[in-house]
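# Coordinate analysis (summary)
Chain by chain, the residues run as shown.
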Amino acid sequence: MTVEIRAGEVLVVVGPSGAGKSSFLRLLNRLDEPTGGTVRLEGIDYRQIPPRELRRRVGMVTQTAYLFPGTIADNLRYGPLQHGIELPAETIDALLIQVRLAGRAEEDVAHLSGGEAQRVSVARALATKPEVLLLDEPTSSLDEEAKGEIEKLILMVAKQNGLTYVMASHDLAQAARVADRIMVMSKGRLEKIGTASEVINAEGTFR
Amino acid sequence: MLKVLFANQLTLGCAQAAVATLLALAVMLLARQRKIHLERETIVALVRGIVQITAVGSILVLLLRGPAWTSVFLLAAMIVAAAAMSAGRSKGLPKSFQVSLYAIGAGAGSVIALMTCAGVIDTRVTSLVPIGSMLIANAMNTNSLVLNRFRSEVESHAGLIETGLALGADSRQTVAPYVQVSVQSSLIPAIDSLRSLGIVWIPGLMAGMLLSGASPIYAAVYQFVTISMIFSSSGLTALICSLLIRGSAFSPAEQLTLRPRPVAAPAVGRGA
């Protein structure tokens, strides 16, 4: 497949289970190696960029929020520390305000709900100041209430930070609410890409 | 009782081996009753054990007549065999043979060399080979424990490790906690051996020395020396193994290659 992702857009990748959405995202930050072809980041073949630097620029939020043992602040500090940066307390506070966890920096992550853990995961990914944020079905393991919260959060964070977002989702309605463009995948192939109105017909299914 | 029945030392040994084997088989059958199937592994291990130790005994008979340096080749062969066995226990782990060979070779090999040079291990074949083999065998067990524990730790924490990678962490750092756990747990048997020495068990070497007429105090002290050497070689092996194994879980592009193995689907019965 050949896809051009525009700077600053929210691209939602939709498709049934096994369509290759997660694999596509994992290729974008090189957690997996492509068997053929390549990815270009601002025109540069990403194999020329050291993997650690690439992953700082292309952040990721996974389906399950894997948090490191410790406090919320420890988790937020983790990414920047890998690049020799000590995250100031003010930045931690600002990130937590963004994800609606203000004042909870010193709370142990073991006590967080699924939705709260996912919000920490989003803040942690933003802490490394990425240019692109990959979101691999970030709401799929959450209940309806938490799902709505995270969705709103993603939209808000997208507006505030001006990053490029690539989000995998199996929920077409969610894609229509969030996306600037929708990319439909099936069996590892790109089926179609366009705005919600171009991709979805009146019945709420693919055109 | 056996000594009354068998006057000849060789036939007595065979009878004793038969009794010990029967006991091992009885344990295997007990396990089978609890639906723990160890039959094939136990029988193969028993057969291999008797064949191997008899072969070594025969080789020792020949070596006793040869020059002392021949034991170096025997110990080197033991290290290669130990590495192969340890790697066989860690299927699916990349480069496990090389890692095991370097770890056991450097861990046990250096302790044997150092202790022989220091005069702690006698250079006679009859002393160097049995004591060296004890160090190699224990280093092999430790190495297998490190490899297995590391694999299961990495497989069960793959999500957290990849989260670290996705945040730009160094691959070696992402597995550091699991390396530490693997080394610590692998050394529990060696530490326990040292702690329980004389209280819970009197090892075979000491028993052998006593039987051959050595002073009980010297036999006891030398047993401590041996167990300390076992701890040193096991510890060194675990440390070297942990240093080498960290890199083998990742590709050059810092991608986790050691992924959880697919779980076999349970058999679907034809019940009503």
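Residues numbered from 1 in each chain as written. Chains lettered and ligands numbered in written order. Predicted model: local features only at pLDDT ≥ 70, side-chain atom pairs only at ≥ 80, totals over all residues.

### Description of the overall build of chain A
Our working rule: Put simply, DSSP marks the helices as runs of H or I at least four residues long and the strands as runs of E at least two long, and each gets a number from the N terminus on. In this description the radius of gyration comes from C-alpha coordinates, and the expected globular size is given by 2.2 Å times residues to the power 0.38. The exposure label follows from counting other C-beta atoms within 10 Å of a residue's C-beta, where the C-beta atoms are placed from the backbone and the thresholds are 20 or more for buried and 12 or fewer for exposed, leaving partly exposed in between. Here, residues touch in the contact sense if the C-beta positions derived from the backbone fall within 7 Å of one another.
Along its length, chain A carries eight helices and eight strands. Here chain A has a C-alpha radius of gyration of 17 Å; the compact-globule value for 207 residues is 17 Å, and the two agree. If one aligns the C-alpha atoms of chain A with their principal axes, the spans along those axes are about 50 × 40 × 25 Å. For chain A, the residues scored as buried account for 41% of the 207 residues in total. Sequence separation of 24 or more characterises 70% of the internal contacts of chain A that already satisfy a separation of 6 or more.

### Let's talk about the domain arrangement of chain B
Residue and element names in this part refer to chain B. Applied cut-off: Domain borders in the structure are assigned automatically or taken from a domain database. When residues are sorted by character, Ala, Val, Leu, Ile, Met, Phe, Trp, Tyr, Cys and Pro go into the nonpolar class, Asp, Glu, Lys and Arg into the charged class, and all the rest, Gly among them, into the polar class.
Looking at the assigned domains, one finds that chain B contains domain 1 (8-65) and domain 2 (68-248). Once you take the C-alpha centre of each, domain 1 and domain 2 turn out to be 23 Å apart. Counting residues at the interface gives four residues for domain 1, matched by six residues for domain 2. Per-class residue counts for the side of domain 1 that touches domain 2 are four nonpolar, no polar and no charged.

### Some points on the packing of helix α4 (residues 70-88) of chain B against helix α6 (residues 125-156) of chain B
Packed helix pairs are specified by the crossing angle of their axes together with the interaxial distance, meaning the distance between the axes. All names here are of chain B. Basically, it comes down to this: Orientation is described by axes fitted as lines to C-alpha atoms, over the contacting stretch for helices, and by angles from 0 to 180 degrees between their N-to-C directions. The labels follow the angle: roughly parallel below 35 degrees, roughly antiparallel above 145, roughly perpendicular from 65 to 115, and oblique for the rest. Helix crossings fall into two classes, left-handed where the near helix is turned counterclockwise from the far one by less than a right angle and right-handed where it is turned clockwise.
The N-to-C vectors of α4 and α6 enclose an angle of 15°; their axes lie 9 Å apart at closest approach. On the basis of the axis angle, α4 is roughly parallel to α6. α4 and α6 meet at a crossing whose hand is right-handed. On α6, the residues touching Thr 70, Ser 71, Leu 74, Leu 75, Met 78, Ile 79, Ala 82, Met 85 and Ser 86 of α4 are Val 125, Leu 128, Val 129, Gly 132, Ser 133, Ile 136, Ala 137, Met 140, Asn 143, Ser 144 and Leu 147. When its residues are assigned to classes, the contact of α4 with α6 shows 13 nonpolar, seven polar and no charged.

### Quick look at the interface of chain A and chain B
When the parts come together, some accessible area is lost, and that loss is often what is quoted as the size of the interface. Counting residues at the interface gives 19 residues for chain A and 14 residues for chain B. Secondary structure elements with two or more residues in the side of chain A that touches chain B: α2 (51-57) and α3 (72-82) of chain A. The element best represented in the side of chain A that touches chain B is α2 of chain A, accounting for four residues. Looking at side-chain class alone, the side of chain A that touches chain B contains six nonpolar, seven polar and six charged residues.

### Considering the pairing of strand β8 (residues 189-194) of chain A
All names here are of chain A. For clarity, the threshold we go by: Each pair of strands is called paired provided DSSP finds at least two bridges between the two strands.
Pairing geometry for strand β7 (residues 181-186) and β8, over five bridges, is antiparallel. Counterpart to Met 185 in the pairing with β8 is Leu 190. Linkage of β7 to β8, two consecutive antiparallel strands, is achieved through a turn of two residues, within which Lys 187 is found at a positive phi near 50°.

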